[in-house]
Amino acid sequence: MSGTIVGNLDAEEELTGGKARLPARVLDAISAAATLLRVFASPGDRLWTPAPVEDARVAEVEWLPRCQPVTGPLEDVDPGDRLLAWCETPRVAALRATLSRSATAATGHGAIVSAASPATLWEIPPPPADVVRRANHRELALEIAREHGIALDGSRMIDSIGALEAHLARGGAALSGTGRWVVKAPWSAAGRWRRVGGPGPLDDTARRAIENLLERSGALLFEPWLERVDDLGATALVVGEGLAQIGFHRQDVDGYGRFRGVRLRRDRDAAPWLSSAERDAVEGALAAVGDRLRAIGYRGPLTIDGWRYRSREGEIRLHPLGEINARITFGLVARALLERLHESVPLGADDEGTLGVGGGTRTAEPPPGLVVPLVHATEHSSFRVALHVEQGYNAG
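Because the structure is predicted, anything quoted here is derived from the model rather than measured.

Asks: I would appreciate a short explanation of the environment of G247 in the present structure.
Replies: The residue G247 is located in strand β10 (residues 242-253) in this model. Residues within four places of G247 in sequence aside, it is in contact with G233, A234, T235, R268 and R335.

This is the structure we're talking about:
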């Protein structure tokens, strides 16, 4: 039995309506990053990416299978016997309908959830694409945060320039302390499709940019612009009538909101970067999101993102629910990579793994310890990925 992994890291574009073509450099980066999904593969599986990826870019790793690369129109792909997608979308659902057989027994690796649930990513019945669209909409995250008293003051959905200006006039950005704010598209990733503004009135350039975003998305999430000091997340699986919690991680994000990496302990239950109260808040938010997603018919992988920020009074505060990702995420991929590595090179519970993503001129010094290249840069692209493992991680 062989199957296909769909590395549709451009899923947000399809959920929005497919009105925009991603730049070539973005397609290159997300396609290269999609090759990390081989961590969920078995030998013989295929891996579809939005754009071709040179064979030389995919590092040879003894403990990872090397999938058969596939690209081109997704509707022309032969999915084989089973299918796993980064995110369920209408195009994925259409492809799933062509499966050559209905396989109920998983042959995927499955170690990612073995300690939390008998299910695997391959075995969970996929949710309808319209449910996934609703689950990933920023408005749902805002609704849940409001219901549980953890929404940021001033956050709201806006559907016009007039609504934005009226909200600003009422002090919608007061929480930031600087009068700055940000509007974000309902479905977006890696800092794409957003606009930062303030203080002061909108100029013509900002007005046109926001009008374009509104035309593309219909509505935008408004938030006060906060000084983030730490980004974090928690992963789980929504399965049956329960929630299988998988683990916690920290995220490296640059000043433009672009994802740069994930850091996590080999021990799934460990999160030394969180105080007891913060951990309770994150777990409470994860449970609340799991309950809501289950109620609307979603089953599958889930990651919530949150962050610490510096208040206008100078205090460090936690916002435990900033975003819902009802799909595979790099937090989940990093966990799977670390666990699969552990089967080949036994790691200590206190060891920390860092899935580092780089590109352009930015180069971060890796932590000491084991370094496993996963995606190589080439003369045509500087995008690269490596897994670093540091022994004896010190939470302080």
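Asks: Please explain the confidence of the model for the protein as it appears in this structure.
Replies: Detailed reading of predicted coordinates is not advised where the pLDDT is low. Taken as a whole, the protein shows an average pLDDT of 89; of its residues, 89% reach a score of 70 or greater. In the model, residues 102-107 has pLDDT below 50 throughout and makes ten contacts with residues more than four positions away in sequence or in other chains. This stretch, residues 360-364, has a pLDDT under 50; its non-local contacts, to residues over four places away or in other chains, come to four contacts.

Asks: Teacher, can you tell me more about the pairing of strand β13 (residues 316-325) here?
Replies: The side chains of a regular strand alternate between the sheet's two faces. Where strand β12 (residues 300-310) meets β13, seven bridges bridge the pair, whose relative direction is antiparallel. Note that in β13 the partner of T303 across the bridge is N325. Hairpin connection between β12 and β13: a loop of five residues separates the two successive antiparallel strands, and G314 in this loop has a positive phi of roughly 90 degrees.

Asks: What is the right way to read the sheet that holds strand β5 (residues 156-158) from this model?
Replies: Paired through backbone hydrogen bonds, the strands of a sheet run either parallel or antiparallel to each other. One open sheet accounts for four strands, arranged β5-β8-β6-β7; its pairing is antiparallel. Among the strands making up the open sheet, the edge pair consists of β5 and β7 (194-197). Pairs of neighbouring strands in the sheet enclose a mean axial angle of 30 degrees, with direction left out of account. The sheet contact formed by strand β6 (residues 181-184) and β7 spans four bridges and is antiparallel. Bridge pairing in β7 places V182 opposite V196. Sitting on the sheet, helix α5 (residues 138-147) is in contact with β5, β6 and β8 (220-224), with an inclination near 145 degrees to β5. Along the sheet, helix α7 (residues 204-217) contacts β5, β6, β7 and β8; its crossing angle with β7, the most-contacted strand, is approximately 150 degrees.

Asks: Can you walk me through the nonpolar core in this structure?
Replies: One broad rule of soluble globular proteins: the nonpolar side chains tend to lie buried together. One finds F40, L355 and L374 to be the most contacted residues of the largest nonpolar core, which totals 84 residues. If you tally residues by element for this core, the top one is helix α9 (residues 330-344), at eight residues.

Asks: What should I look at first to understand the pattern of salt bridges in this one?
Replies: It is possible for side chains of opposite charge to pair when their charged atoms get near one another. Within the structure shown, the criterion is met by 28 salt bridges. We note a salt bridge from E223 to K184, for which the minimum N-O separation is 2.9 Å. Here E223, found in strand β8, pairs with K184, found in strand β6; they are 39 residues apart in sequence, far enough to count as distant. Across the pair, exposure class does not vary: E223 and K184 are buried alike. Its salt-bridge partner being D350, residue R265 comes within 2.3 Å of it at the nearest N-O pair. A residue pair is termed long-range when its members are at least 10 positions apart, and R265 in strand β11 (residues 259-265) and D350 in the loop between α9 and β14 (352-358) qualify at 85 residues. Relative accessible area serves as the criterion here: at 43%, D350 is assigned to the partly exposed category.

Asks: Would you mind going over unusual backbone geometry with me for this structure?
Replies: Excluding glycine, residues mostly carry a negative phi; peptide bonds, for their part, are mostly trans. Note the cis peptide between G198 and P199, where omega equals -5 degrees. Position of P199 relative to the elements: it lies in the loop between β7 and α7.

Asks: What should I look at first to understand empty space enclosed by the protein in this one?
Replies: The method is simple in principle: a probe with the dimensions of a water molecule rolls over the atoms, and the space it marks as empty is what remains. Applying the stated criterion to the full structure yields four cavities of 30 Å³ or more. Size it by volume and the largest cavity reaches roughly 110 Å³. N136, P186, S188, I324 and N325 are, among the 14 residues lining the largest cavity, the residues nearest its centre. For the lining of the largest cavity, the elements supplying multiple residues, two or more each, are α1 (11-16), α5 and β13. Per-element accounting of the lining of the largest cavity gives the leading share, three residues, to β13. Class assignment for the residues of the lining of the largest cavity results in six nonpolar, four polar and four charged. Estimates place the volume of the second largest cavity at around 80 Å³. Considering the residues around the second largest cavity, the lining is formed by R138, A141, L142, A145, A151, L152, S155, L221, E223, H319, L321 and G322.

Asks: Please clarify how the sheet that holds β13 should be interpreted in this entry.
Replies: Spatial strand order, β13-β12-β9-β10-β11-β14-β16-β15: eight strands in an open sheet with antiparallel pairing. Only two strands of the sheet have a single partner each, and these edge strands are β13 and β15 (370-375). Between one strand axis and the next, the sheet turns by 25 degrees as a mean value, whatever way the strands run. Two strands pair when backbone bridges link them, and strand β9 (residues 227-239) and β12 are joined in this way by eleven bridges, in the antiparallel orientation. Pairing of R228 across the sheet is with Y309, part of β12.

Asks: Which parts of the structure should I look at to understand α7?
Replies: Structurally, the α-helix is built with 3.6 residues per turn, so residues lying three or four positions apart point the same way. In this model, α7 (14 residues) spans 20 Å end to end at C-alpha, consistent with the 20 Å of a helix rising 1.5 Å per residue. Along α7, the positions that sit buried rather than exposed are A206, I210, L213, L214, R216 and S217. Looking straight down α7, one finds that the buried residues subtend no more than 165 degrees of arc, so they occupy a single side. Residues of α7 that are exposed and point over 90 degrees away from its buried face: D204 and E215. Those residues of α7 hidden inside the fold are in contact with α1, β5, α6 (161-169), β6, β7 and β8. At the N-terminal boundary of α7, the capping side chain belongs to D203, with an oxygen 3.2 Å from the backbone nitrogen of T205. Of the residues trailing α7, G218 is marked for its positive phi of about 90 degrees.

Asks: Could you clarify how one ought to interpret the environment of T120 in this entry?
Replies: Looking at the element boundaries, T120 is found in the loop between α3 (90-96) and α4 (129-136). Put simply, T120 and G300 are 180 residues apart on the chain and 9.2 Å apart in space, counted from C-alpha to C-alpha.

Calculation rules
- Along every chain, residues carry numbers that run from 1 in the direction the sequence is written.
- Residue-level local features of this predicted model are given only where pLDDT is at least 70; pairs of side-chain atoms are given and counted only at 80 or more, and the full residue set underlies all totals for whole chains, interfaces and linings.
- In computing side-chain values, all of the structure's heavy atoms are included and hydrogens and water are not.
- Working definition: helices are DSSP H or I runs of at least four residues, strands are E runs of at least two. Numbering for both runs from the N terminus.
- We call two residues in contact whenever any of their non-hydrogen atoms come within 4.5 Å of each other.
- By definition, pLDDT measures how confident the predictor is in each residue, and it falls between 0 and 100.
- Should DSSP find at least two bridges between two strands, the strands are regarded as paired.
- As a rule, the C-alpha atoms of each element are fitted with a line to give its axis, helices using only the stretch in contact, and angles between N-to-C directions run from 0 to 180 degrees.
- To form a nonpolar core, buried Ala, Val, Leu, Ile, Met, Phe, Trp, Tyr and Cys residues must be joined to one another through side-chain atoms within 4.5 Å.
- For each residue, the accessible area found with a 1.4 Å probe, counting protein chains only, is set against the maximum for its type, and the residue is called buried under 20%, exposed over 50%, and partly exposed in between.
- The term salt bridge refers to a pairing of a side-chain nitrogen on Lys or Arg with a carboxyl oxygen on Asp or Glu at a separation within 4 Å.
- Only protein atoms enter the 1 Å grid used here, on which a cavity is any set of points holding a 1.4 Å probe that cannot leave and a pocket is any open set flanked by protein within 12 Å on both sides along at least five of seven lines; residues with an atom within 4 Å of a point are listed as lining.
- Grid points are joined across faces, edges and corners, and a volume is the space filled by probe spheres set on the points.
- Think of it as three bins: nonpolar holds Ala, Val, Leu, Ile, Met, Phe, Trp, Tyr, Cys and Pro, charged holds Asp, Glu, Lys and Arg, and polar takes everything else, Gly as well.
- To estimate the expected span of a helix, count its residues, drop one, and scale the result by 1.5 Å.
- What the arc covers is the set of directions going from the helix axis to the C-beta atoms.
- Polar contact is defined as a pair of N or O atoms within 3.5 Å, subject to the rule that within protein one atom must be able to donate a hydrogen and the other to accept it, and that residues adjacent in sequence are counted only when both atoms are side-chain atoms.

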